[in-house]
Amino acid sequence: MNQIFFTPGPTQLYPTVPGHLRTAIGKNIFSISHRGQTFKSLYAETEENLRLVLNLPDQHQILFLASATEAMERIIQGCVLKKSFHLINGAFSQRFFEIAQQLKKQPEAHQVPWGAGFESDDLVVPEVAELVCVTQNETSTGAALQADLIAALHERYPRSLLAVDLVSSVPCFDLDYSLVDAAFFSVQKGFGLPAGLGVLVVGPRCLEKANQLSNQGEATGSYHRLEVLVEKAIHQQTSETPNILGIYLLGRVCRDLLKTGIDSIRNITRQKADLLYNAIADHPDLRQFVRDPKFQSPTIAVAETGQPPARIIAKLKKSGFIIGTGYGNYRESQIRIANFPAHSLEQMGDLVSELNRI
Ligand SMILES: *Cc1c(COP(=O)(O)O)cnc(C)c1O
């Protein structure tokens, strides 16, 4: 049976991916040298399309890594000497914090319960924090932070760098990149691509800090040191043999997204989110985990279930709909449903009708 994956990631492939794969094989994309002109052109095209999708300021640089988790490590390692500060409300924001601990950076955190969001008035960032780390869309809980929180952090703490995890909200969340020094994601969620490629966007202040630490003789990494990554990236190159498949597909899918129009994609995302959230609200056995509507993520819905989640998941699977389990300890009490550009309005309508029946 035809299956549609509404899992948080990996998830449903963007519908044009199979065609792009066939074209790439036909053009021997996976055999070409990553030092040759064909690769450089392919890289340049991906970069150009991604810049347009994200609406990136010119000074912000795109870097390709292996994963979003790697991006967390690169940012901490490259930009923090002693202290980072973290907003923690779930597993991924916790992971960012732990990476800083493991790199011996004495991180501090403002922590709220899973399922909660943050109000900017409650936040106090210590003066000595060199970097503030924010997970815009907590995939483990379905809590999303609003754009004005990021703007408030930028405005109130101009001396700290600001890094934003966008993994499960990009390209639907409209981030003003001029307010942030680093932002990152991997491609197996909102872009509907195979896993194995991370994207890190760095601004000029982030690079200045990395240079400064290097010049002081601090260890800021090896082959994926930020300065090396940038040096290579401006020549459409990478230090290692890169994920050519991922870079190629990202460029193609960005072009497809641009054809549809990013505003249109965001509108449809909103409509699909309304369908999904209304279905959860109306269902006798489901309840939103994120109680405050202003923090309910348009792209990841998490519901507590009155019946065992495995039963709901199995019933939906019979009709071809694959949804996610709760994260970690919530595996036995929650379900997670993704709403990404790869999911059409019609498919979301079908999922919601099926959900209503169980
Ligand atoms: C999935 C996810 C990550 C980790 O992504 P990887 O590509 O597996 O490293 C980090 N942050 C958030 C918010 C995520 O959803």
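Residues numbered from 1 in each chain as written. Predicted model: local features only at pLDDT ≥ 70, side-chain atom pairs only at ≥ 80, totals over all residues. Heavy atoms only, no water.

Colleague: Before we go on, may I ask you to explain the pattern of salt bridges in this structure?
Modeller: Two side chains carrying opposite charge are able to pair once their charged atoms lie near each other. Per the stated rule, a full pass over the model turns up 17 salt bridges. One salt bridge in this structure joins Glu73 and Arg74, with 2.8 Å as the shortest N-O distance. Residue classification places Glu73 among the partly exposed residues on the basis of a relative accessible area of 30%. For Asp174, the salt bridge identified is with Arg266, shortest N-O distance 3.4 Å. In this pair, Asp174 sits in the loop between strand S8 (161-165) and strand S9 (182-186) while Arg266 sits in helix H9 (residues 262-282), placing the two residues 92 residues apart along the sequence. In this structure Asp174 comes out as exposed when scored by relative accessible area, which is 52%. (Salt bridge = Lys/Arg side-chain N within 4 Å of Asp/Glu carboxyl O. Buried < 20%, exposed > 50% of the residue type's maximum accessible area, 1.4 Å probe, protein only. Helix = DSSP H or I, 4+ residues; strand = E, 2+ residues; numbered from the N terminus.)

Colleague: Got a minute to help me understand helix H7 (residues 226-233) in this structure?
Modeller: The periodicity of an α-helix, 3.6 residues per turn, causes residues three or four positions apart to be oriented the same way. Burial of H7 is extensive: 6 of the 8 residues sit out of reach of the surface. What H7 keeps buried is the set Leu226, Glu227, Val228, Leu229, Val230 and Ala233. The elements touched by buried residues of H7 are helix H2 (37-54), strand S2 (61-65), helix H3 (68-79), strand S10 (198-202) and helix H6 (204-215). (Contact = heavy atoms within 4.5 Å.)

Colleague: So what exactly am I meant to see when it comes to the site of the ligand here?
Modeller: Around the ligand, 13 residues are found, and the nearest of them are Thr69, Thr139, Asp165, Ser186 and Lys189. Thr139 is positioned such that a nitrogen or oxygen atom in its side chain is 2.4 Å from an oxygen atom of the ligand. Between an oxygen atom of the ligand and a side-chain N or O atom of Ser186, the distance comes to 2.7 Å. For the shell around the ligand, the element with the most residues is H3, which contributes 3 residues. Across the shell around the ligand, the residue classes break down as 4 nonpolar, 7 polar and 2 charged. (Near = heavy atom within 4 Å. Polar contact = N/O pair within 3.5 Å; in protein donor to acceptor, adjacent residues only side chain to side chain. Nonpolar A, V, L, I, M, F, W, Y, C, P; charged D, E, K, R; others polar.)

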